[in-house]
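# Understanding the architecture of this molecule
As a plain string of letters, each chain reads:
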Amino acid sequence: MLKQTEGSHAVAEAIALCRPQVVCAYPITPQTHIVEGLGEMVKSGELTGCEFINVESEFAAMSVAIGASAGGVRSYTATSSQGLLFMAEAVYNASGLGLPIVMTVGNRAIGAPINIWNDHSDSMSVRDAGWIQLYAETNQEALDLHIQAFRLAEELACPVMVCMDGFILTHAYERVDVPSQEEVDAFLPPYAPRQILDPAEPVSMGALVGPEAFTEVRYLAHHKQLRALDLIPALAAEFKRAFGRDSGGLLRTYRTEDAETIVVSLGSVNGTVQEVVDEMRARGTRIGSVSICSFRPFPLETLRAALGHAKRVVVLEKCLAVGLGGIVSDGVRKSLSGIQLKGYTVIAGLGGRAITRASLTRLFEDAERETLEPVTFLDLNTDIVNHELERERQERRTGPTAEAILRRMGTVASRIG
Amino acid sequence: MDQPQTIKYYQTGTFTVGNRLLSEDQRSVQSGMERTNSLNSGHRACQGCGEALGARYAIDAAMRATGNKVICVNATGCLEVFSTPYPETSWQVPWIHSLFGNAAAVASGVAAAQRALGRDDVRVIAQGGDGGTTDIGFGCLSGMFERNDDVLYICYDNEAYMNTGVQRSSATPPAARTATTPALGPEPGNVFGTGKNVPLIAMAHRIPYVATASVANLRDLEAKVTRAMQIRGARYLHIFVPCPLGWGSASEDTIRLARLAVESGLYPLFEARHGKVTSRTTIRRPVPVTDYLKLQKRFAHLFGKAPDTVRIAQIQRMADQNIADFGLIE
Ligand SMILES: Cc1ncc(C[n+]2csc(CCOP(=O)(O)OP(=O)(O)O)c2C)c(N)n1
Ligand code: SF4
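Residues numbered from 1 in each chain as written. Chains lettered and ligands numbered in written order. Predicted model: local features only at pLDDT ≥ 70, side-chain atom pairs only at ≥ 80, totals over all residues. Heavy atoms only, no water.

### So, the overall build of chain B
When its secondary structure is counted, chain B shows twelve helices and eight strands. Compactness check: chain B gives a C-alpha radius of gyration of 19 Å against a globular reference of 20 Å for 330 residues, within 12% of the reference. Along the three orthogonal principal directions, the C-alpha set of chain B runs to about 65 × 45 × 40 Å. Relative to its 330 residues, chain B shows a buried fraction of 58%. (Helix = DSSP H or I, 4+ residues; strand = E, 2+ residues; numbered from the N terminus. Rg over C-alpha atoms; globule rule 2.2 N^0.38 Å. Buried < 20%, exposed > 50% of the residue type's maximum accessible area, 1.4 Å probe, protein only.)

### Quick notes on the site of ligand 2
Residues and elements named next belong to chain B. Taken together, A45, C46, C49, C78, F82, N158, C243, P244 and L245 make up the full set of residues adjacent to ligand 2. Broken down by secondary-structure element, the contributors of at least two residues to the shell around ligand 2 are α3 (78-83) and α9 (244-247). In the shell around ligand 2, the residues fall into eight nonpolar, one polar and no charged. (Near = heavy atom within 4 Å. Nonpolar A, V, L, I, M, F, W, Y, C, P; charged D, E, K, R; others polar.)

### Details of the nonpolar core
Counting 92 residues, the largest nonpolar core has M62(A), I66(A), V91(A), V332(A) and Y236(B) as the members making the most contacts within it. With 63 residues, the next largest nonpolar core counts F82(B), V166(B), A213(B) and M229(B) among its residues. (Core = buried A, V, L, I, M, F, W, Y, C linked by side-chain atoms within 4.5 Å.)

### Structural notes on the sheet that holds strand β10 (residues 251-254) of chain A
Residue and element names in this part refer to chain A. The sheet built from six strands is open, its strands ordered β10-β12-β11-β14-β15-β16 with mixed pairing. Only two strands of the sheet have a single neighbouring strand rather than two, namely β10 and β16 (375-377). Across the sheet, the mean angle from the axis of one strand to that of its neighbour is 20 degrees, orientation sign disregarded. Of the strand pairs in this sheet, strand β14 (residues 312-317) and strand β15 (residues 342-347) are connected by six bridges, and their pairing is parallel. Bridge pairing links E317 to I347 in β15. Packing of helix α13 (residues 357-369) onto the sheet brings it into contact with β11 (261-266), β12 (287-292), β14, β15 and β16, and relative to β14 it is tilted by some 150 degrees. (Pairing = 2+ DSSP bridges. Axes fitted to C-alpha atoms, helices over the stretch in contact; angles between N-to-C directions. Contact = heavy atoms within 4.5 Å.)

### Topic: the UniProt feature "domain: Thiamine pyrophosphate enzyme TPP-binding" (unreviewed entry) in chain B
Mapped onto the present numbering, the UniProt feature "domain: Thiamine pyrophosphate enzyme TPP-binding" (unreviewed entry) falls at residues 76-238 of chain B. The span residues 76-238 of chain B carries 34% helix and 17% strand; its end-to-end C-alpha distance comes to 17 Å. (UniProt positions renumbered as here; feature names shortened; annotations may be inferred.)

### Some thoughts on the environment of S268(A)
All names here are of chain A. Examined against the element boundaries, S268 turns out to sit in the loop between β11 and α10 (269-282). What makes S268 buried here is its relative accessible area of 12%. A sequence separation of 43 residues divides S268 from Q225, and the C-alpha atoms of the two residues are 24 Å apart. Not counting chain neighbours up to four residues away, the residues in contact with S268 comprise A136, E137, D165, I168, L169 and K318.

### Structural notes on the packing of helix α1 (residues 7-17) of chain A against helix α2 (residues 32-44) of chain A
When two helices pack together, their arrangement is given by the angle between the helix axes and by the axis-to-axis distance. Residue and element names in this part refer to chain A. Between α1 and α2, the shortest axis-to-axis distance is 8 Å and the interhelical angle comes to 45 degrees. When the axis of α1 is compared with that of α2, the two are oblique. In this structure, α1 crosses over α2, and the sense of that crossing is right-handed. Residue-level contacts link S8, H9, V11, A12, E13, I15 and A16 of α1 to H33, I34, G37, L38 and M41 of α2. Residues belonging to the contact of α1 with α2 are distributed by class as follows: seven nonpolar, four polar and one charged. (Parallel < 35°, antiparallel > 145°, perpendicular 65-115°, else oblique. Left-handed = near helix turned anticlockwise from the far one by under 90°.)

### Focus on the pairing of strand β6 (residues 132-135) of chain A
Note on strand geometry: in a regular strand, side chains alternate between the two faces of the sheet. Residue and element names in this part refer to chain A. Of the two faces of β6, the one holding I132 and L134 and the one holding Q133 and Y135 are both buried throughout. Pairing of β6 with strand β7 (residues 160-165), which is carried by four bridges, proceeds in the parallel orientation. Following the sheet pairing, Y135 is matched in β7 by C163. The parallel pair β6 and β7, bridged by helix α7 (residues 139-156), forms a crossover whose chirality is right-handed. Sheet topology places β6 next to strand β13 (residues 294-296); two bridges connect them, and they run antiparallel. (Right-handed = clockwise from strand over helix to strand, strands pointing away.)

### With respect to the pattern of salt bridges
Charged atoms that come close allow side chains of opposite charge to pair. For the structure shown, the criterion picks out 40 salt bridges over all chains. Between R115(B) and E51(A) there is a salt bridge, with its nearest N and O atoms 2.7 Å apart. Note that R115(B) is positioned in helix α4 (residues 103-117) and E51(A) in strand β3 (residues 51-54), a pairing that runs across two chains. Judged by its relative accessible area of 38%, R115(B) falls in the partly exposed class. We note a salt bridge from R56(B) to D60(B), for which the minimum N-O separation is 3.2 Å. (Salt bridge = Lys/Arg side-chain N within 4 Å of Asp/Glu carboxyl O.)

### Side note on the packing of aromatic side chains
Taken as a whole and judged by the stated rule, the model has 13 aromatic pairs over all chains. When the ring of F145(B) is compared with that of Y236(B), the centres are 5.8 Å apart and the planes differ by 85 degrees; the resulting orientation is edge-to-face. Of this pair, F145(B) sits in helix α6 (residues 138-146) while Y236(B) is found in strand β6 (residues 235-240), placing the two residues 91 residues apart along the sequence. Here F145(B) matches Y236(B) in class, with each residue buried. Ring geometry for Y153(B) and Y236(B): centres 6.1 Å apart, planes at 20 degrees, overall stacked. Note that Y153(B) is positioned in strand β4 (residues 151-157) and Y236(B) in strand β6, a separation of 83 residues in sequence. As far as burial versus exposure is concerned, Y153(B) and Y236(B) are alike and both buried. Through a chain of ring-to-ring contacts, three or more aromatic side chains come together here, namely F240(B), W247(B), Y267(B) and Y292(B). When the ring centre of F295(A) is taken as reference, the NZ or CZ atom of R296(A) above it lies at 4.6 Å. One Lys or Arg, R298(B), reaches over the ring of W247(B) and ends 3.8 Å from the middle of that ring. (Phe/Tyr/Trp six-rings, centres within 6.5 Å; stacked < 30°, edge-to-face > 60°. Lys NZ or Arg CZ within 6 Å of the ring centre and 35° of its normal.)

### So, the domain arrangement of chain B
According to the domain assignment, chain B consists of domain 1 (1-31) and domain 2 (34-326). For domain 1 of chain B versus domain 2 of chain B, the distance between C-alpha centres works out to 23 Å. (Domains from an automatic or database assignment.)

### So, the pairing of β6(B)
All names here are of chain B. Counting buried residues in β6 gives six out of six residues, a clear majority hidden from the surface. Sheet topology places β4 next to β6; six bridges connect them, and they run parallel. In the sheet register, C155 faces β6, and the bridge partner there is H238. In this structure, strand β5 (residues 209-214) lies alongside β6, joined through six bridges in parallel fashion. Paired with S214 across the bridge in β6 is F240. Once the chain exits β5 it traverses helix α8 (residues 218-229) before rejoining the sheet at β6, and the crossover so formed is right-handed.

Printed below as a string of structure tokens:
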């Protein structure tokens, strides 16, 4: 059914259609509306057979999900930013235990300075936790990916994180096609756990494992992710047959066949990138884009096939590996090993800074002229940065940088909450 | 079973566990051939480990009380490490270990799963050491109490972080030496005036059942677990479990130490319902705390050439205060 609805609510509806049996909730902007929506559905009786549990922290939320999943039921939670970091220990644990929990991350920056707006720093910080990470481009895709996520998680016995850009998607009202319960039931069978805490057949889970077996366990976790490289496109194809929509998969290419410049990105920014691609194509530039949906497992081969023929690749990332540069770029570079082609890392949209068509156009033109720095911070205000660097040189005690910058920009720091 | 047992003292004593003079239904869980052996032998606990003993009795009693329908959730700590070195396990019950600080929350999740599956016969127990309970897992524990989740949480209190090499926890008693409260300086050992009393904090949550127990009185421990399993909602049991390694005590003194802690008043045994104390184990003849302290190397610095009479007296006052507060002498 077509609906005009908020991204968060679309996800809540998608989760409800997946018939979760335990949903854990702890609020943090911008994820909050998702669990609120589910809480409402459980309370009103719209979502039956589901325990909705208000917990005292994200660490507890993931822990309750771990217990529920080990207890044999389909479990779900959602978080963002500081919340994801607060639950990090349990995030690793869930994958180590092989529990097919599905979690939405409404992507948001990590403080300090505190900043509630969108970038990918949070989910990227747990990129190696053994979870599958899928990045949604639109709200329709966010909705569709959650339905696929449970299938994927349960077939692999591995948790799946669906990442969607905070505010840009979570708080945006868009038209989405919400499938019927029958359609989802046909695609997603009831949860059949592989191993469950059951007095009739006792098992010990989470034993202490020493050096004699730990490498093997980790290898198997890696192997599981490599299997997902086949399963993710297969599920996307099956999803298309069932629902009539292309959604998910490892990555999507746009006008890349004859492209000399290819822009790689994750999440909602691809919409803007595609518009700029169209404009530049109209002016005769051979440019295309690739949007990575599956960041974990990282689609090395598929990406290589999509990029191999280009002359240059611009990786647009909403996160920063401080002291290195790009996080996504690392994977992209690995996928292109042995291929001669210019690579650029662009750090963009940190802490919610708008990524505009104008700046992207300028950026891609510079890339085409090959005048870009290997690592570029999009729309960086160099005046301010230089001023701060100078101030640091002059005054030994500089104080918090963020506040100093805001003061210089004429923004009263105390008004930023 | 909800009634206090009417057994004559000479028949059971505090020393014996099973008793063949009793009728079947009055016998201890451990005296029966049908006991479940939930935590079976061959694990790697130290000799005389109070925690291993406490866990074995507690879980077996819970098994009997529930018709063997128990799922156990364990925090990181000695009990977890000594019982499950992969690929071995000592647990005969479904058992999961996730992290140091989340046993209560994982148990909440397991309990939620049972509700979702409509299995109200399967009961959930969470267990951890004093560190996992009073310190790092405290938030999750309080959350579980506050939601009144149907979980019995058992804390095995050996008064320090034993698994990482005997460091102080917020249950470490004053003056005790640990690796992080060395017997040095003007106030050797752990300082006075710190620490948490989690049974009292649990009572403040007004949960249906809170009790303290000790491996000195295993009949009482079994009875409390049994009682706890007859109640729904959040329940808390704090069990005193001496640790020969961490306390510097003889392996064969574990039970004796546990008994002296109770009989000196340092560790009061009581039960509480919905925040109110409903029963206590009275002391017939209080023993001086020195009888208890002297058997442990962690208090050795109090008994050097010049005994630290001031702080020994302070510890004695703590015991006397407990005796007064809980009315331990009839
Ligand atoms: C987050 C975290 N911090 C620290 C540890 C290390 N650690 C493991 S067990 C333990 C102490 C356990 O002490 P306690 O809970 O009192 O149980 P005991 O070993 O005494 O039975 C510590 C500090 C850990 N596993 N996880
Ligand atoms: S260190 Fe203490 S608690 Fe740990 S196994 Fe040994 S005696 Fe038991």
